[in-house]
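An overview of the molecular structure
As a plain string of letters, each chain reads:
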Amino acid sequence: RERAFEHHIYGSDAGYYAVQAALKNVQAANQQRFISVRQIRLEEIKQPFAAQSSSEGNPAVLPLVMMNPPYGERLAQDKNVLQLYQSIGTSLKHQFAGATAWIISSNEDAMKSIGLKPSQKVHLLNGELDCLFCRYDLFSGTHKDFKTQHPSTERKNESKSVSTKRPYNAKG
């Protein structure tokens, strides 16, 4: 039995062409009722909804933020990349308390610039790039206060690796 999808996916990018490509894909998949995409700068994004219970009375579902920011290939200077990642950390901390965020990047220095402590790190390949896929449990206040108030949600800084062996010959 197929379960009803009771969520909504919000996508965004600062770039016009990236948004247009995403909208085209959403329309091609006929998923407009589940996915909204808009052009907006990161600093302008507000958490689109508060935690909501499902119609079946299940516990509240907290927002999940997924990000695949530029690693440096699309931006002209390393300084711009570090500023972008600092901006990501600031926005997540102040605009998305209560949510969980996952960010993938091949730029380890940029990931450190986020300024938040990941609760989980997964090493994986994104195409040919070695990447980190990090989970951030977002909260208001200090990390020490959060750990005191939520001891069961504190994870040991887990680090996992996903096999880099390819299941097929990528060249052919």
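The written sequence of each chain sets the order in which its residues are numbered from 1. Given that this is a predicted model, residues contribute local features only at a pLDDT of at least 70 and side-chain atom pairs are listed and counted only at 80 or more, while totals for whole chains, interfaces and linings are drawn from all residues. With hydrogens and water set aside, each side-chain value is computed from the structure's full complement of heavy atoms.

Quick look at helix α1 (residues 16-28)
A run of DSSP states H or I qualifies as a helix once it reaches four residues; a run of E qualifies as a strand once it reaches two. Both are numbered from the N-terminal end. Here the expected span of a helix is defined as 1.5 Å times the quantity of residues minus one. With 13 residues, α1 should cover 18 Å at 1.5 Å per step; its first-to-last C-alpha distance of 18 Å lies within 8% of that length. Phi turns positive, to about 55 degrees, at N30, one or two residues after α1.

Description of the pattern of salt bridges
For salt bridges, the criterion is a side-chain nitrogen of Lys or Arg within 4 Å of an Asp or Glu carboxyl oxygen. The full count for this structure, using the stated rule, is 2 salt bridges. One salt bridge in this structure joins E43 and R41, with 3.0 Å as the shortest N-O distance. Burial classes follow relative accessibility: with a 1.4 Å probe on protein chains only, a residue under 20% of its type's maximum area counts as buried, one over 50% as exposed, and anything between as partly exposed. The class of E43 is partly exposed, set by a relative accessible area of 37%. Two residues, D137 and R135, come together in a salt bridge whose shortest N-O distance is 2.8 Å. Of the residues examined, R135 reaches a relative accessible area of 17% and is grouped as buried.

Digging into the pairing of strand β4 (residues 100-105)
Of all 6 residues making up β4, 6 are buried, and the element is well covered by its neighbours. Because side chains alternate across β4, one face comprises the buried residues T100, W102 and I104, and the other comprises A101, I103 and S105, equally buried. In this analysis, strands are considered paired if DSSP registers two or more bridges between them. Inspection of the sheet shows strand β3 (residues 64-67) paired to β4 by 4 bridges, in the parallel sense. Bridge assignment links M66 to a residue of β4, and that residue is W102. In terms of strand pairing, β4 meets strand β6 (residues 129-137) through 6 bridges, oriented antiparallel. Each residue of the ladder has a partner; that of T100, found in β6, is D137.

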